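Working through the structure, step by step
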Amino acid sequence: MKFKIVAAAALAAMAGFAQAATHDWGTHAIVEAGGGFASGAGASLSDTYKFSLSSQTGVLAVAVSNDFGYFNLTGGKIELFKEGSTTAIGSFSFDDSVSTFSFGTLLAGNYFYAVTGKVASDAFAATYQLNSQLAPVPEPETYALMLAGLGAVAFVARRRKQQA
């Protein structure tokens, strides 16, 4: 009986517990990861992940909520902002299936992800995972070398066709 009272008190204390955390990744590594948790039916989840880019690069985000049993996140959303701006560069929704979104090529500077969602009304809690990956942008010399190679292949193919 005492256990039931303690368990009920613990559940009541956790009900409506909402997470609002800020994480600072510093300079974005090739892959960064984060995750969050909120408990209590209807509780809001609102996390921020700050990072900086030292050079122009592509950014790709992957998110999923871990909906199983008494866990269920609704309205999961990832938005990317440049520091100091209130207009999102891009956004995407996510749920219990993996969602991937490319934010394209970003310039060097400071950015942050805003992650929001709610614990479903029939759930005890909600969790999510966010992964952010960088895809370096090729230098102009790389494109020039590729075009030179294609030109050489075309030249050889044309000479062979003329000889045949």
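Our structure is the block above this text.
Summarised in this report is the structure supplied together with it.

Cut-off values and rules
- Residues numbered from 1 in each chain as written.
- Predicted model: local features only at pLDDT ≥ 70, side-chain atom pairs only at ≥ 80, totals over all residues.
- Heavy atoms only, no water.
- Helix = DSSP H or I, 4+ residues; strand = E, 2+ residues; numbered from the N terminus.
- Buried < 20%, exposed > 50% of the residue type's maximum accessible area, 1.4 Å probe, protein only.
- Contact = heavy atoms within 4.5 Å.
- Areas by Shrake-Rupley, 256 points an atom, 1.4 Å probe, with all protein chains shown as cover.
- Phe/Tyr/Trp six-rings, centres within 6.5 Å; stacked < 30°, edge-to-face > 60°.
- Salt bridge = Lys/Arg side-chain N within 4 Å of Asp/Glu carboxyl O.
- Pairing = 2+ DSSP bridges.
- Axes fitted to C-alpha atoms, helices over the stretch in contact; angles between N-to-C directions.
- Core = buried A, V, L, I, M, F, W, Y, C linked by side-chain atoms within 4.5 Å.

Re the overall build of the protein
- When its secondary structure is counted, the protein shows two helices and nine strands.
- The linear arrangement of helices and strands in the protein, starting from the amino end, is α-β-β-β-β-β-β-β-β-β-α.
- Out of the 164 residues in the protein, the part that is buried amounts to 32%.
- Taking all contacts inside the protein whose residues are at least 6 apart in sequence as the whole, residues at least 24 apart take part in 79%.
- Element-wise, carbon and sulfur atoms account for 61% of the exposed surface of the protein, whose accessible area totals about 9,900 Å².

Description of the packing of aromatic side chains
- With the rule as written, the count across this model stands at 12 aromatic pairs.
- Between Phe81 and Phe112, the ring centres sit 5.1 Å apart and the planes meet at 15°, which makes this aromatic pair stacked. Taken together, the residues span a long stretch of sequence, with Phe81 in strand β5 (residues 73-82) and Phe112 in strand β8 (residues 109-119) at a distance of 31 residues.
- The exposure class assigned to Phe112 is partly exposed, which follows from its relative accessible area of 21%.

Comments concerning the pattern of salt bridges
- Using the criterion set out here, one finds one salt bridge in the structure.
- Residue Glu79 is joined to Lys77 by a salt bridge in which the shortest nitrogen-to-oxygen separation is 3.8 Å.

Let's talk about the sheet that holds strand β4 (residues 57-65)
- The strand order across the open sheet formed by four strands is β2-β9-β4-β7, and the pairing between neighbours is antiparallel. Both edges of this open sheet fall to β2 (31-39) and β7 (99-106), since each of them pairs with a single strand only. Neighbour to neighbour, the strand axes of the sheet diverge by 15° on average, direction disregarded.
- Relative to strand β9 (residues 125-136), β4 runs antiparallel, the two sharing nine bridges. Directly across from Val59, in β9, lies its bridge partner Leu134.

So, the sheet that holds β8
- On the basis of which strands lie adjacent, the open sheet formed by five strands has the order β1-β3-β8-β5-β6 and mixed pairing. The outermost strands of the open sheet, each flanked by one partner alone, are β1 (22-27) and β6 (90-94). On average, each strand axis in the sheet is inclined to that of its neighbour by 15°, with strand direction left out of account.

Quick notes on the nonpolar core
- Membership of the largest hydrophobic core comes to 27 residues, with the highest contact counts inside it found for Ile78, Phe94, Tyr113, Val115, Tyr128 and Leu130.
- Of all the elements in the fold, those that place two or more residues in this core are β3 (44-53), β4, β5, β6, β7, β8 and β9.
- Those residues within four positions of Tyr128 in sequence are excluded, and the remaining contacts are Gly34, Gly35, Gly36, Leu45, Asp47, Tyr49, Val64, Ser65, Asn66, Leu73, Phe94 and Val115.

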